[in-house]
Amino acid sequence: MSAAAQFVRQGKKIVAIGRNYSDHIKELNNAKTKEPFFFFKPTTSYLPTGGKVEIPRGIIAHHEVELGLVIGKGGRDISQDAAESHIAGYALAVDMTARNMQDEVKKKGLPWSAVKGFDTFTPIGSFIPKSSVSDAHDLTLSLKINGAIKQNGTTGDMIFRIPRLIEHISSIVTLEEGDLILTGTPSGVGPVNPGDSIECALVDPTGKVLDELKFTAESRSGGYQFMP
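Definitions and cut-offs
- Residues numbered from 1 in each chain as written.
- Predicted model: local features only at pLDDT ≥ 70, side-chain atom pairs only at ≥ 80, totals over all residues.
- Heavy atoms only, no water.
- Helix = DSSP H or I, 4+ residues; strand = E, 2+ residues; numbered from the N terminus.
- Rg over C-alpha atoms; globule rule 2.2 N^0.38 Å.
- Buried < 20%, exposed > 50% of the residue type's maximum accessible area, 1.4 Å probe, protein only.
- Contact = heavy atoms within 4.5 Å.
- Areas by Shrake-Rupley, 256 points an atom, 1.4 Å probe, with all protein chains shown as cover.
- Pairing = 2+ DSSP bridges.
- Axes fitted to C-alpha atoms, helices over the stretch in contact; angles between N-to-C directions.

S.K.: Would you take a moment to explain the overall build of the protein for this structure?
M.R.: A count of helical and extended segments in the protein gives five helices and 16 strands. Relative to its length of 228 residues, the protein is compact, with a C-alpha radius of gyration of 16 Å against a globular reference of 17 Å. Split into buried and exposed, the 228 residues of the protein put 52% on the buried side. Restricting the contact set of the protein to residue pairs at least 6 apart, pairs at least 24 apart contribute 78%. Carbon together with sulfur atoms contributes 48% to the accessible area of the protein, which is approximately 10100 Å² in total.

S.K.: Can you help me understand the environment of Phe 160 in this one?
M.R.: With respect to the helices, strands and loops of the structure, Phe 160 is situated in the loop between strand 12 (148-154) and helix 5 (162-170). On a C-alpha basis, the gap between Phe 160 and Gly 188 in space is 19 Å, while along the polypeptide they are 28 residues apart.

S.K.: Is there a simple way to explain the pairing of strand 16 (residues 209-219) in this structure?
M.R.: The side chains of a regular strand alternate between both faces of the sheet. Relative to strand 16, strand 4 (residues 52-55) runs parallel, the two sharing four bridges. Within the sheet, the bridge partner assigned to Ile 55 lies in strand 16 and is Ser 219. The pairing of strand 15 (residues 197-203) with strand 16 spans seven bridges and is antiparallel. Paired with Val 203 across the bridge in strand 16 is Val 209. Between the end of strand 15 and the start of strand 16, which pair antiparallel, lie five residues, with Gly 207 showing a positive phi angle near 95 degrees.

S.K.: Which parts of the structure should I look at to understand the pairing of strand 11 (residues 140-145)?
M.R.: Sheet topology places strand 11 next to strand 12; six bridges connect them, and they run antiparallel. Opposite Thr 140, over in strand 12, you have Thr 154 as the bridge partner. Adjacent in sequence and paired antiparallel, strand 11 and strand 12 are bridged by two residues, among which Asn 146 carries a positive phi angle near 50 degrees. Pairing between strand 11 and strand 15: six bridges, direction antiparallel. Directly across from Leu 143, in strand 15, lies its bridge partner Cys 200.

S.K.: Sorry if this is basic, but what is going on with the sheet that holds strand 4 here?
M.R.: Neighbouring strands of a sheet are bound in pairs by backbone hydrogen bonds; such pairs are parallel or else antiparallel. With mixed pairing, five strands are arranged side by side in an open sheet as 4-16-15-11-12. Only two strands of the sheet have a single neighbouring strand rather than two, namely strand 4 and strand 12. Adjacent strand axes in the sheet meet at a mean angle of 20 degrees, parallel and antiparallel pairs treated alike.

S.K.: How should the sheet that holds strand 5 (residues 61-63) be read in this particular structure?
M.R.: Across the sheet, which stays open at both edges, the three strands sit in the order 8-5-14 with antiparallel pairing between neighbours. Pairing within the sheet leaves two strands with one partner each, and these edge strands are strand 8 (97-98) and strand 14 (190-192). Sheet topology places strand 5 next to strand 8; two bridges connect them, and they run antiparallel. When the sheet's bridge partners are listed, His 62 is paired in strand 8 with Thr 97.

S.K.: What is the right way to read unusual backbone geometry from this model?
M.R.: Of all residues except glycine, most have a negative phi; of all peptide bonds, most are trans. Phi at Asp 77 is positive, roughly 55 degrees, even though this residue is not glycine. Of note in the backbone geometry, Thr 120 takes a positive phi value of approximately 75 degrees without being a glycine. When its relative accessible area of 10% is taken as the criterion, Thr 120 is described as buried.

S.K.: What exactly am I supposed to notice about the environment of Ala 148 here?
M.R.: Tracing the chain through its elements places Ala 148 in strand 12. Residue class for Ala 148 comes out partly exposed when judged on its relative accessible area of 34%.

Structure representation (structure tokens):
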């Protein structure tokens, strides 16, 4: 099995795109960016489906369901025309976010590493081979909490499309086999509380479910405590 197919165990980095859906930008009162904006998440934040997200003490944790791109062929300064050849496949993911901590650090101009990087803060589905997806910009992303739909959007609403994301990121950071790019979240983000059951789905235009991602949430005992 290729390193790309085993990206959760062998990938070196998670590159997450922010503010790539207009409605999500509006709901958080953020400003649009002139070029793709990204941050890093540690691979130690991966949580396979069926796991438990641990919410640290004092943290208000929000869900952000996303389409992930799995890099199959590394490269630097990749053109938009060549971008497709560097994709091995896709994955359904959730970018968990410590929202109250993010609000504080944004005011101070500080980085988001802790906000996004807690252990278990990247629930991740299975590897989906590229051949299973006819058009990555025509997929439905959904997320339910305790059976109630919270997010239901289409990847067609991305502001910066996938080839542009790969071009931009690789102009700054070399992409390597097994890296995951999170492409942004549609609107509907909100809190996940201890005891919640979360179900996500990635569906193609024919109604075929490409993957489902399920996890629960619990309070983390010990470790970091956020005290604003």
